[in-house]
Number of protein chains: 2
Amino acid sequence: LKAVVFDDTLQFRDNVPPPQEKTGSVLVDVIQAGICETDLQLCRGYMGFQGILGHEFVGVARSGTFAGQRVVGEINCGCQTCGWCRGQRQNHCPDRTVIGILNHPGGFADTLLVPEDNLHVVPDSIDNDTAIFVEPLAAACRIPQQISLAGKPSVLVLGAGRLGNLCAQVLRVHGCDVTVRGRHQMKLSMLDRLGIATCDTATPLPSHKWQLVVDCTGSPDGLADALQAVQPCGTVVMKTTVAAEHNLQLADVVINEVTVVGSRCGPFDAALDLLSANAVDVKPLISARFPLNKAVEAFEYAARRDVLKVILDVNA
Amino acid sequence: LKAVVFDDTLQFRDNVPPPQEKTGSVLVDVIQAGICETDLQLCRGYMGFQGILGHEFVGVARSGTFAGQRVVGEINCGCQTCGWCRGQRQNHCPDRTVIGILNHPGGFADTLLVPEDNLHVVPDSIDNDTAIFVEPLAAACRIPQQISLAGKPSVLVLGAGRLGNLCAQVLRVHGCDVTVRGRHQMKLSMLDRLGIATCDTATPLPSHKWQLVVDCTGSPDGLADALQAVQPCGTVVMKTTVAAEHNLQLADVVINEVTVVGSRCGPFDAALDLLSANAVDVKPLISARFPLNKAVEAFEYAARRDVLKVILDVNA
């Protein structure tokens, strides 16, 4: 197996033992995969992960119901027996593995093993470059699943990177009045072209202005900024994990009766629907593509502040 | 005016200028008042308050619609003109004053001025000792106003003090399966006698066990404990303000998709209904009573860890 392995250092290897077939799981021959902020964090020691990275992939199922079809896969693999799994909430199964993140080899490889229940067929209208955005777009679609947007709230998205961009687009589809605050003019210009309002971090952050603030900064400062920007009785969504400790004043959460909602993986069907309908624009987010055997260079490139999505081509 | 004034130090004074009458406000002759954790924090510099303390009071309205009747008063006094006030959310008016807490003289005095709209008549079935619990009980009643308890969630209340006790009782009335975790056997025994399950802080805190955790500790450690105890997709209510900075790992809020809800003042009508119906038991919480001119001793006594509610009698 050719694969990108993190094992204290990041390496491309062409002699990795292939995954063993398993009842209920399907081998997927990967076409291409996307590098995510979480991958970069895993390489800095987050979660103590060791193994094959990659959780944004599109491939072809080798067997099972979807044999020969293009598929994407949800990344949480539950035990299928506990109450969380039986209640259709395997994303929170305490014994779950997570593809490319936790005790499950990922998609930066020519083949990976995925529970068949996790697979979603990619319709012909969605090409491969678009399909690698299903997983992060699903994460953005988790927000309307958790929070009522019925009142079409005013929204500030903190962070104009990969995930901030997708969250902003999804929230706009839901009718929200969205502003994105970011650091890099190139990333803000991309949102400007989509007709989404932007402001940059050089401008002072208004206080208590937005009903909903989504923190996609990946920075420990993001939450403090979100708590400053949100209205009383408003909602802050924590969309990015921060491995570092937070040091912050939380009295305002009580005084202003703010609701803070942690938000992780989301519905693939909603993301596929948005992409099929061309309701979100993802291809401009692709900054570069590298063959799988140049993964180390690809990771270095993906970590640059002026870069958005980097694709790894398995068959290049 | 006789009053308890905080002005860098806490003092009883008998020569304070009386409040000036004001359109829309009513003079209330105070009968008695309760000392709250917030009062103790204000004396440690919280909010930078200076003036007459006291926001849990029962008195007799001197004029207006309720002249001659016993009343309690909501503590947030809005500007009555902004969008928050017009939307019946004066608790979050950015220009509000707060009785005994923020730019508004409080109820540790023989008389205070209260906006007439803030007053609620105390029915004859509720005696004065019970009536001083309307304000903190309303704060506990804020929880079911903010969060659906329809599924009768399992609840852990952190802290067995004044507010923890009231929150536990209110949540039990709403059908929740409530456990209270506290430090002091006397306070836990009081809950045991009400048939509420308890555990003490000497026992290790179970992880991810409860659907709802209410932090009433008033301690910076409370939130970390709450995040440990709450189930994935569960809710943490921050019921007490903590002036100190929090230093904590918040990645689990995202990973476990926890909702954290800040919760402050609540509905007086709900609290009065519970007290009228004898649905909560507040009198055992009274640890001691002092005359107003012994307020300094009363505050020292209220700060003891084995003490719950301390009453100040204005006419003693």
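Residues numbered from 1 in each chain as written. Chains lettered and ligands numbered in written order. Predicted model: local features only at pLDDT ≥ 70, side-chain atom pairs only at ≥ 80, totals over all residues. Heavy atoms only, no water.

### What about the interface of chain A and chain B?
Contacts between chain A and chain B engage 38 residues on the former and 38 residues on the latter. Summing the contributions of chain A and of chain B, the shared interface buries around 3000 Å²; its carbon and sulfur component is 58%. The three residues of chain A that bury the most area against chain B are Val254(A), Ile255(A) and Glu257(A), which together make up 21% of that side's buried surface. Counting across the chain A and chain B interface gives 2 salt bridges. Glu257(B) is the partner of Arg142(A) in a salt bridge, and the nearest nitrogen-oxygen pair spans 2.7 Å. Between the two partners, chain A and chain B, sit 11 residue pairs in polar contact (both at pLDDT 80 or more). Every element with two or more residues in the side of chain A that touches chain B is listed here: helix H4 (134–146), strand S15 (230–238), strand S16 (246–248), helix H8 (251–255) and strand S17 (259–262) of chain A. Of the residues contributing to the side of chain A that touches chain B, the split by class is 19 nonpolar, 12 polar and 7 charged. (Contact = heavy atoms within 4.5 Å. Buried area = accessible area lost by both parts, 1.4 Å probe. Salt bridge = Lys/Arg side-chain N within 4 Å of Asp/Glu carboxyl O. Polar contact = N/O pair within 3.5 Å; in protein donor to acceptor, adjacent residues only side chain to side chain. Helix = DSSP H or I, 4+ residues; strand = E, 2+ residues; numbered from the N terminus. Nonpolar A, V, L, I, M, F, W, Y, C, P; charged D, E, K, R; others polar.)

### Observations concerning the relation of the copies chain A and chain B
When chain A is fitted to chain B, the best match, at an RMSD of 0.0 Å, comes from turning it 180° and sliding it 0.0 Å along the axis. Here the copies are linked by what is in effect a two-fold axis. A symmetric contact is evident, with 100% of the interface residues of chain A recurring at the interface of chain B. (Least-squares fit on C-alpha atoms with pLDDT ≥ 70 in both.)

### Quick look at the packing of H4(A) against helix H9 (residues 268–276) of chain A
Residue and element names in this part refer to chain A. It is at 8 Å that the axes of H4 and H9 come closest, and there the two elements cross at 110°. Between H4 and H9, the angle is such that the two are roughly perpendicular. Contacts between H4 and H9 pair Val134, Glu135, Leu137, Ala138 and Cys141 from the former with Phe268, Ala270, Ala271, Leu272, Leu274 and Leu275 from the latter. Here the residues of the contact of H4 with H9 are counted per class, giving 10 nonpolar, no polar and 1 charged. (Axes fitted to C-alpha atoms, helices over the stretch in contact; angles between N-to-C directions. Parallel < 35°, antiparallel > 145°, perpendicular 65-115°, else oblique.)

### Observations regarding the side chain of Ser25(B)
For Ser25(B), the location among the structural elements is in strand S3 (residues 25–35). With residues near it in sequence (within four places) discarded, Ser25(B) still touches Leu113(B), Val114(B), Pro115(B) and Glu116(B).

### As for empty space enclosed by the protein
Counted by the stated rule, this structure contains 3 cavities of 30 Å³ or more. For the largest cavity, the calculated volume is near 80 Å³. Together, Leu223(A), Met238(A), Leu250(A), Val253(A), Val260(A), Leu223(B), Leu227(B), Met238(B), Leu250(B), Val253(B) and Val260(B) line the largest cavity. Within the lining of the largest cavity, the residues separate by chemical class into 11 nonpolar, no polar and no charged. Taken as a whole, the second largest cavity spans an internal volume of roughly 40 Å³. The wall of the second largest cavity is formed by Glu74(A), Ile75(A), Asn76(A), Asn91(A), Glu135(A), Ala138(A), Cys265(A), Gly266(A) and Phe268(A). Taken together, the residues of the lining of the second largest cavity sort by class into 4 nonpolar, 3 polar and 2 charged. (1 Å grid on protein atoms, 1.4 Å probe; cavity = no way out; pocket = protein on both sides within 12 Å on 5 of 7 lines; lining within 4 Å. Points joined across faces, edges and corners; volume = space filled by probe spheres on them.)

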